[in-house]
Amino acid sequence: MFDNEYFNLGYLDTLSYRDTVIHRLDPRAKLIATVLFIVTVVSFPKYEIAGLLPFFLFPVLLFSLADVPVKFILKKVLLVSSFAVFIGIFNPVIDRRIVYSLLGVPVSGGWISFLSIMLKFFLTITSALLLIATTSFPGICHALQKLGLPEIFVSQLLFLYRYLFVLTEETMRIVRARDMRSFGGKGKGMKAFVHLAGTLFLRTVERAERIYQAMLSRGFAGRLHSVRSYRFSGADAAFVGATIAALYLFRAHDVVGAIGRFSMRVF
Amino acid sequence: MHMADALLSPAVGATFWAGTLGTIGYCARKLKENMDEKMIPLMGVLGAFIFAAQMINFTIPGTGSSGHLGGGMILAILLGPYAGFIVMASVLTIQAFFFADGGLLALGCNIWNLGIYPCFIAYPLIFKPLAGSGASPKKITIASLISGVVALQLGAFSVVIETLLSGRSELPFSTFVLMMQPVHLGIGIVEGFVTAGVINFVRASRPEILESAASARPLSGGISTGRVFAGLLIAAVLTGGALSWFASSNPDGLEWSIAKVFGKPELPEKETGIATALKSVQEKTAFLPDYSFKKPEGAKERGGPSWPSVDPGTSVSGIVGSALVLAAVLLIGLIIRALRRKSACRTK
Amino acid sequence: MSHHIVEFQDVHFHYPDGTAALNGLSLRITHGESVGIVGANGSGKSTLLMHTNGFLLPQSGSITIGDRKLDKKTRQEVRKKVGLIFQNPDDQLFMPTVFDDVAFGPLNLGLSPDRVRECVHEALETVGCLGLSEKPPHHLSGGQKSAVAIAAVIAMQPDILVMDEPASHLDPKSRRALINLLMHFHHTKIIASHDLDLILDVCKRCVIIKEGRVIADGPSEEMLSNRRLLEENNLELPLSLQKRDFSPGGDMDEITKLHHLLGHWAEHNSEHARTYRDWAKKAESLGRKDLAELLLRIAEETVAMDRLFQDAMDLCR
């Protein structure tokens, strides 16, 4: 369980350092596009289904252009679905008005709004995961700082990212030792956890002390400087522009309806 | 429990993001004014500690189910409210990215629900007065328990409010509250015990660490309660403003939930003034003027919760269109994949 | 002129819990020296290193680095001269990417962005990690991490390198690479380690400390082949000088000592000869016959020399 989560984390992180057309885009461009995408998807009213379908174009494009393993991401999406499903499933239970008849089968409003929630869930979560799978976390942090988030918050994110892997690995070793020696659930209780977390905490504080010394010995005087310069190129602007145009088209016009009517007239 | 993008409306998501960002900015300014530089690595590594500790499951006595640490209270107690909040916000941000817990729009809500309440309500108003300065382990346990419960209750209640205001779920207010609060009572008690356990463990084995953490953090005298309330008041006004704007433009959002809460279809009278004023502003500035333009031609004016009436012709073309769009999207993906494979083979 | 001298004069330090870590330690290191500090656990090695750049300040006695007496006011300046490399590279590499980490020091020195990039480039080139620049530290192997940690320190162009157990996290191959790297540095080096073979390879001089005091100080080869001295200090002979069939307790006579030293000197001869031959082949394939011939001759001479060493060792028996 713990091992799995840890290795998943590492794999996603490794993906983000690949080199593809999408990976090479400026982190700001991808962050802005993703946020706009999520807001647009979420802005659809409760009973919308057809209007959401064209939006699948975005994840499909990213999956294929950035060479992200589809199965891996979909598994992760399934893993976090619990809360949205748990709350959404009440919709069909409560809202039973029949509003639609699909090829003779009556469909209630609740099922439609539930399906809408699920589509939105899939689109928003997938796009967030695709962002991190195509953009290194330090890149995202840089984008956040450029977009105006406070320096100290961004430096916290960077430190956290750096030591996340070191500490989860350390924790994994302790947890393995615990699980190896605990039989039939004994030793996995709160008391053991408190002891474990306490020990981990003390080690962490000692580590912080050593890191601080390492920082001091390299001239740290309270500020973390950076010489990184990302360039917002024409390609980045084109990417954001195209995203906005497509989002507007899909949001403001009934693309699905138009295609449907058109094809019915043709055949 | 993490709020999810799919249950949110843009207005609610944006409002909580605004509140969260405002608080992050405020804390950053506070920390910049007077912080020991030693805190910078300490905060970062403690964030990683919380992250790692959250991944460890433990069995909850008497239930057989398993729980894990939240961490907001521990951070507030160890680092003080400002640094504690920044660290909690960064932990949740990393989770939103790497585990997709909730999603990026909901992150604003999640930082609010899991960060603001422990750091700015439970810690200064409950934990500090109860635990006092030269606290005994018993006092710390009681104080953490109560503040853990209060923080989690407020957080859970916020999830209810956020969901209802967004209007994507059909759950009525009372059912939702009855579902969320008791579950989070249990979670809060566990959080309280674990928090107290870790704090007492550290106190017993290395008391100087708590002292040095306390001396390094910017706030020695304690947070002024007046300030907190002023901040919350501003947040409430902001939220209210955004909500009434939202109410005026989205017929099946707030109005629907207000209808469930208040038992009648209209908003309370006094809101209308602000609502109409805001509506005109909104119509001029909004990215998407109104949701109604998406309705098929036959849609009637709404009566009760809006639901476009559907005539058979549009519905068939809708299904055909949907199928075509999905097929096209899939095809595009497959073509690009195939092309990439080919070019990859060639370069090899 | 006292160039890059490190001088400890009767330094005392005890920790708040009463442990006396340094007990009148005196030590003088001059420019360009490479000094190994050895001693049992708790002998005061780490405390000594922590004093070299002012994390800890002597409670009595004095420390001079270069021409400055180390105190609260000068320690910021002293830190620019003394590059301290910690035992665990994970603590040392705290920035999110290799580039950012190596740039951390130069940026704090206030260099211009272009100059910083140059420094980073040079430092990474020196340790052979130029290709890792954009990687996050957690994607590196142990050997790469320690190489980058060294780059991060030498990017600040310190005069003195101080290292605490530099090879303790490394596999044998990375350890050998590190030793080769260190042998090419011309900085003043102070290395504390239990890895006596590393000290023997890298440091000309060796200082043995015990209970916070210098017990012995002299050429590494002499210090580290003195079995009795080492055992008195909870140490043992470096593995390269150990012979399994030693009768326990017996002291080494001078000829036996020479035998082991010869073994140590000759250790890499055949390996080097192989390298010269490889390069000769490469030179030939590049059309440089002249170079290739010369390299082959060097290789032959090396083999011949190795034979002489073997003969000398036989005579020692």
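Residues numbered from 1 in each chain as written. Chains lettered and ligands numbered in written order. Predicted model: local features only at pLDDT ≥ 70, side-chain atom pairs only at ≥ 80, totals over all residues.

Draft legend 1. Just the sheet that holds strand β3 (residues 34–38) of chain C, in detail. All names here are of chain C. An order of β6-β7-β8-β3-β9-β10 is seen for the six strands of this open sheet, with the pairing classed as mixed. Sheet topology places β6 (82–85) and β10 (213–219) at the edges, where each strand pairs with a single neighbour. In this sheet, adjacent strand axes meet at a mean angle of 15° when their direction is disregarded. Note: β3 against strand β9 (residues 205–210), four bridges, orientation parallel. Bridging from a neighbouring strand, I37 pairs with V207 of β9. (Pairing = 2+ DSSP bridges. Helix = DSSP H or I, 4+ residues; strand = E, 2+ residues; numbered from the N terminus. Axes fitted to C-alpha atoms, helices over the stretch in contact; angles between N-to-C directions.)

Draft legend 2. Fine view of the interface of chain A and chain C. If you look at the interface, chain A gives 21 residues, while chain C gives 27 residues. Among the elements that line the side of chain A that touches chain C, the one with the most residues is helix α11 (residues 190–217) of chain A, at eight residues. Its residues assigned to classes, the side of chain A that touches chain C shows twelve nonpolar, five polar and four charged. (Contact = placed C-beta atoms within 7 Å. Nonpolar A, V, L, I, M, F, W, Y, C, P; charged D, E, K, R; others polar.)

Draft legend 3. The arrangement of the nonpolar core in detail. Grouped together as the largest cluster of nonpolar side chains are 248 residues, with contacts concentrated most on I86 of chain B together with V102, V148 and A151 of chain C. Top element by residues in this core is helix α5 (residues 104–131) of chain B. It accounts for 17 residues. (Core = buried A, V, L, I, M, F, W, Y, C linked by C-beta atoms within 7 Å. Buried ≥ 20, exposed ≤ 12 C-beta atoms within 10 Å, placed from the backbone.)

Draft legend 4. A look at the interface of chain B and chain A. Facing the 90 residues of chain B at the interface are 99 residues of chain A. Within the residue set of the side of chain B that touches chain A, elements represented by two or more residues are α1 (10–33), α2 (39–54), β1 (58–59), α4 (81–98), α5, α7 (173–205) and α12 (312–347) of chain B. Per-element accounting of the side of chain B that touches chain A gives the leading share, 16 residues, to α12 of chain B. Residues of the side of chain B that touches chain A, tallied by class, amount to 56 nonpolar, 22 polar and twelve charged.

Draft legend 5. The arrangement of the confidence of the model for chain B in detail. All names here are of chain B. In the predicted model, chain B carries a mean pLDDT of 73, and the fraction of residues at 70 or more is 66%. Taken element by element, the predicted model of chain B shows its lowest mean pLDDT in helix α10 (residues 254–262) (38) and its highest in α4 (92). Counting contacts from residues 219–223, a segment whose pLDDT is below 50, to residues more than four positions away or on other chains yields eight contacts. Low confidence marks residues 244–312, where pLDDT is under 50. Its contacts with residues over four positions away, or in another chain, come to 74 contacts. (pLDDT = per-residue confidence, 0-100.)

Draft legend 6. Main features of the domain arrangement of chain C. By the assigned domains, chain C splits into domain 1 (6–241) and domain 2 (269–316). For domain 1 of chain C and domain 2 of chain C, the distance between their C-alpha centroids amounts to 34 Å. (Domains from an automatic or database assignment.)

Draft legend 7. Up close: the sheet that holds strand β2 (residues 20–29) of chain C. Residues and elements named next belong to chain C. An order of β2-β1-β4-β5 is seen for the four strands of this open sheet, with the pairing classed as antiparallel. Of all strands in the sheet, those bounded by a partner on one side alone are β2 and β5 (68–69). In terms of strand pairing, strand β4 (residues 60–65) meets β5 through two bridges, oriented antiparallel. Each bridged residue has a counterpart across the sheet, and for T64 the counterpart in β5 is K69. Where helix α1 (residues 45–52) meets the sheet, it contacts β1 (6–14), β2 and β4, and its direction lies at approximately 60° from that of β2.

Draft legend 8. Local environment of the packing of helix α10 (residues 151–181) of chain A against α4 of chain B. Closest axis-to-axis distance for the α10 of chain A/α4 of chain B pair is 9 Å, and the angle between their directions is 55°. In this view, α10 of chain A runs oblique relative to α4 of chain B, as classed from their interaxial angle. In this structure, α10 of chain A meets α4 of chain B at a crossing whose hand is right-handed. Contacts between α10 of chain A and α4 of chain B involve I152, F153, Q156, L157, L160, Y161 and L164 of chain A from the first element and I86, V87, A89, S90, V91, T93 and I94 of chain B from the second. Of the residues contributing to the contact of α10 of chain A with α4 of chain B, the split by class is eleven nonpolar, three polar and no charged. (Parallel < 35°, antiparallel > 145°, perpendicular 65-115°, else oblique. Left-handed = near helix turned anticlockwise from the far one by under 90°.)

Draft legend 9. Region of interest: the pairing of β6 of chain C. Residue and element names in this part refer to chain C. Both faces of β6 are covered, namely the face carrying V82 and L84 and the face carrying G83 and I85. Of the strand pairs in this sheet, β6 and strand β7 (residues 160–164) are connected by four bridges, and their pairing is parallel. Looking across to β7, one finds that G83 is bridged to L161.

Draft legend 10. The arrangement of unusual backbone geometry in detail. All names here are of chain C. Residues other than glycine seldom take positive phi values, yet Q157 does so here, at roughly 50°. Mapping Q157 onto the fold places it in the loop between α6 (142–154) and β7. Overall, Q157 belongs to the partly exposed group, with 16 C-beta atoms counted inside 10 Å. Positioned with a positive phi, N234 is a non-glycine residue whose angle comes to about 60°. With respect to the secondary-structure elements, N234 resides in the loop between α10 (227–232) and α11 (254–265).

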